[in-house]
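Here's the letter readout for the chains.
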Protein chains: 2
Amino acid sequence: MNEENKIGNYKFVAEPFWVDFSGHLTMGVLGNCLLNCAGFHAADRGFGIANLNEANYTWVLSRLAVDLDDMPYQYEPFEIETWVENVYRLFTDRNFAIINKDGRKIGYVRSIWAMIDMNTRHPADLLKLHGGNITEYICQDVPCPVERPSRITLADGGKLVSSHRVVYNDIDINGHVNSVRYIEHVLDLFPMSLYQSKRIRRFEIAYVAESYFGDRLDFFTSEDKSDESKEVYNIEIKKNGSDVVCRSKIIFD
Amino acid sequence: MNEENKIGNYKFVAEPFWVDFSGHLTMGVLGNCLLNCAGFHAADRGFGIANLNEANYTWVLSRLAVDLDDMPYQYEPFEIETWVENVYRLFTDRNFAIINKDGRKIGYVRSIWAMIDMNTRHPADLLKLHGGNITEYICQDVPCPVERPSRITLADGGKLVSSHRVVYNDIDINGHVNSVRYIEHVLDLFPMSLYQSKRIRRFEIAYVAESYFGDRLDFFTSEDKSDESKEVYNIEIKKNGSDVVCRSKIIFD
């Protein structure tokens, strides 16, 4: 198979309600676009949600790490490229590049996905899926200069900074809080003054467990002061006072 | 000018993160699509935001009333048509039709817009705009079987049901809470059980004043029990304990 067919390319425009006060695309909307591209790319190659659902399997996003030099500005066109870098038995690595209106790569993303059996909720063997044909799409010679998702820890357990009762708009078709809403809730923990003086250089999120309508989500943050040139925050979201749902890290510079 | 050029037609697909637990497009996302269509339609005809901003004017949405028989389902394509029904000195009426994957009109929308001078914040005379050329696009022979936006009142002042501190993701490029976020916050006032047993038949919102980062929004609701066949709620949003920001009405049936 030639490399071109392995890489999906999808076009977008930074719509007015997709941008923040500064006129730049929000990280939540970028997350939405990335996950849509993953869906389009998989569907076009026969391992999308629709194909899988027939066999009672579905994709589950485990981790996402986004590194950005810039963000598209209101009304600007941008493109997202995506490809599969690795396929293991229980996980696959999917990468993305974000390309601005001038054709320059302004960001890269690494993501890790699992597939689960919707009946048993157990992970499925990706190498056996569709006779292993997902491995035909592996593409390892495209650069993706972004650090892999890290292990996020809150050394001191973090400080409780916000609580949120899960509402109607948080919930997706599976009955869970959707992946993009967690990103938005994490962004909403920080004051406007921080967004006015700095920009998000890196954003990471690890999805640990599901949460549901009516759950109380508690947001804990811990500032990592090891690098004085940046503001680095580790975030943990717990539900109903106990289980960890997500962990996230934001680097502002 | 022929009628076809007066009506704009825009195509969408109900993306996975645009649908709710039931798999149907959310009203917030539909609002986003409607407002984008208004923007595309105006821009294509020379009276869009970009043209206006050069002259220090901008469009302001005043009221929106949506009547729906159905909503697009996940992955379904849908279309939105929009046209200008009336132009007065200080307001213009813009209508919309929502067309499902089978070409059937499943909803209609009426909206009222003003134009303001961004320096003085005063309304501008639409009939003088661009030599009055917006009036060339008036299109009154297209049916739009939806009641005009009503005057929403909370007879008893309503009951305080929720408060929200305005956060980063609420704010648009003008520094205000964006019109779509108010719709989402209103939808989030209602329990999942209501969405599970009924669907939104009509949604209205009237934008009264702007709110800003850090403002506290208080949500008051009052149930109108005059029609036993439906659940009708009037909603008022006030900021910082005093000024009304928005009023809304939802009819579930």
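Computed from a predicted structure; not experimentally measured.

Thresholds applied
- Residues numbered from 1 in each chain as written.
- Chains lettered and ligands numbered in written order.
- Predicted model: local features only at pLDDT ≥ 70, side-chain atom pairs only at ≥ 80, totals over all residues.
- Heavy atoms only, no water.
- Phe/Tyr/Trp six-rings, centres within 6.5 Å; stacked < 30°, edge-to-face > 60°.
- Helix = DSSP H or I, 4+ residues; strand = E, 2+ residues; numbered from the N terminus.
- Buried < 20%, exposed > 50% of the residue type's maximum accessible area, 1.4 Å probe, protein only.
- Contact = heavy atoms within 4.5 Å.
- Buried area = accessible area lost by both parts, 1.4 Å probe.
- Salt bridge = Lys/Arg side-chain N within 4 Å of Asp/Glu carboxyl O.
- Polar contact = N/O pair within 3.5 Å; in protein donor to acceptor, adjacent residues only side chain to side chain.
- Axes fitted to C-alpha atoms, helices over the stretch in contact; angles between N-to-C directions.
- Parallel < 35°, antiparallel > 145°, perpendicular 65-115°, else oblique.
- Left-handed = near helix turned anticlockwise from the far one by under 90°.
- Expected span 1.5 Å × (residues − 1).
- Pairing = 2+ DSSP bridges.

Draft legend 1. Summary view of the packing of aromatic side chains. Using the criterion set out here, one finds 18 aromatic pairs over all chains in the structure. Look at tyrosine 233 of chain A and phenylalanine 252 of chain A: their rings are 6.2 Å apart centre to centre, the planes differ by 80°, and that puts the pair in the edge-to-face class. Here tyrosine 233 of chain A is found in strand E9 (residues 231-239), whereas its partner phenylalanine 252 of chain A is found in strand E10 (residues 244-252), with 19 residues between them in sequence. In this pair, the class of tyrosine 233 of chain A matches that of phenylalanine 252 of chain A, namely buried. An angle of 75° between the planes, with centres 5.6 Å apart, marks the rings of tyrosine 195 of chain B and phenylalanine 252 of chain B as edge-to-face. Here phenylalanine 252 of chain B lies in strand E10 (residues 244-252) and tyrosine 195 of chain B lies in helix H5 (residues 192-197), a separation of 57 residues in the sequence. With a relative accessible area of 9%, tyrosine 195 of chain B lands in the buried category. Three or more aromatic residues joined by ring pairs form one cluster here, namely Phe21, Phe190, Tyr195, Tyr233 and Phe252 of chain A together with Tyr168 of chain B.

Draft legend 2. Inspection of the interface of chain B and chain A at higher detail. Taken residue by residue, the interface counts 35 residues in chain B and 34 residues in chain A. Together, the buried faces of chain B and chain A total about 3,100 Å²; carbon and sulfur atoms form 59% of this surface. Interface area lost by chain B to chain A is led by Phe17, Tyr168 and Ile173 of chain B, which between them contribute 27%. Joining chain B to chain A, the criterion identifies 4 salt bridges. Where chain B touches chain A, the interface holds 10 residue pairs in polar contact (both at pLDDT 80 or more). If you list the elements that add at least two residues to the side of chain B that touches chain A, you get helix H2 (27-44), helix H4 (179-187) and H5 of chain B. Ranked by residue count, the leading element in the side of chain B that touches chain A is H4 of chain B, at 5 residues.

Draft legend 3. Region of interest: the packing of H2 of chain B against H4 of chain B. All names here are of chain B. Following both chains from N to C, one finds H2 and H4 inclined at 160°, their axes separated by 8 Å at the closest point. Comparing their axes, H4 and H2 come out roughly antiparallel. Where H2 crosses over H4, the handedness of that crossing is right-handed. Taken together, the residues of H4 that come into contact with H2 (itself represented by Met27, Gly28, Gly31, Asn32 and Leu35) are Ser179, Val180, Ile183, Glu184 and Leu187.

Draft legend 4. Inspection of the pattern of salt bridges at higher detail. Under the counting rule described, the total for this entry stands at 36 salt bridges over all chains. Linking lysine 101 of chain A and glutamate 76 of chain A is a salt bridge whose minimum nitrogen-to-oxygen distance equals 3.7 Å. Taken together, the residues span a long stretch of sequence, with lysine 101 of chain A in the loop between strand E4 (92-99) and strand E5 (105-117) and glutamate 76 of chain A in the loop between strand E2 (57-68) and strand E3 (77-87) at a distance of 25 residues. Assessed through its relative accessible area of 46%, lysine 101 of chain A is described here as partly exposed. Taking the shortest distance from any N to any O, the salt bridge between lysine 198 of chain A and glutamate 231 of chain A comes out at 3.5 Å. Taken as a pair, lysine 198 of chain A in the loop between helix H5 (192-197) and strand E7 (200-207) and glutamate 231 of chain A in strand E9 lie far apart in primary sequence, 33 residues in all. It is possible to trace a salt-bridge network through shared partners that takes in Asp170, Arg181, Glu184 and Asp188 of chain A together with Asp170, Arg181, Glu184 and Asp188 of chain B.

Draft legend 5. Broad picture of the environment of lysine 128 of chain A. Residues and elements named next belong to chain A. With respect to the helices and strands, lysine 128 occurs in the loop between E5 and strand E6 (159-165). We classify lysine 128 as exposed; its relative accessible area is 65%. Along the sequence, lysine 128 and arginine 89 sit 39 residues apart, while their C-alpha atoms lie 8.2 Å from each other.

Draft legend 6. How the structure looks around unusual backbone geometry. Residue and element names in this part refer to chain A. Look at tyrosine 75: it is not a glycine, yet its phi comes out positive at around 75°. Mapped onto the secondary structure, tyrosine 75 falls in the loop between E2 and E3. A relative accessible area of 45% places tyrosine 75 in the partly exposed class.

Draft legend 7. View of H2 of chain B. All names here are of chain B. In a regular helix each residue adds 1.5 Å, so 18 residues correspond to 26 Å; H2 covers 25 Å between its end C-alpha atoms and thus fits that length. Within H2, 14 of the 18 residues are buried, leaving the element largely enclosed by the surrounding structure. Positive backbone phi, approximately 90°, marks glycine 46, located one or two places after H2.

Draft legend 8. Main features of the sheet that holds E7 of chain A. Residue and element names in this part refer to chain A. An order of E1-E3-E4-E5-E2-E7-E10-E9-E8-E6 is seen for the 10 strands of this open sheet, with the pairing classed as antiparallel. The sheet is open, and its two edges are formed by strand E1 (8-13) and E6, each paired on a single side. Between one strand axis and the next, the sheet turns by 20° as a mean value, whatever way the strands run. Those strands touched by helix H2 (residues 27-44) are E1, E2, E3, E4, E5 and E7, and its axis lies near 55° from that of E3. Strand contacts of helix H4 (residues 179-187): E2, E6, E7, strand E8 (216-224), E9 and E10, with the helix running at about 130° to E7, the strand carrying the most contacts.

Draft legend 9. Spotlight on the side chain of asparagine 36 of chain A. Locating asparagine 36 of chain A in the fold gives a position in helix H2. Since its relative accessible area comes to 3%, asparagine 36 of chain A is described here as buried. Here the side chain of asparagine 36 of chain A touches glutamate 15 of chain B through a polar contact of 2.5 Å, side chain to side chain. Discounting chain neighbours no more than four positions away, the residues touching asparagine 36 of chain A are Glu15, Pro16 and Phe17 of chain B.

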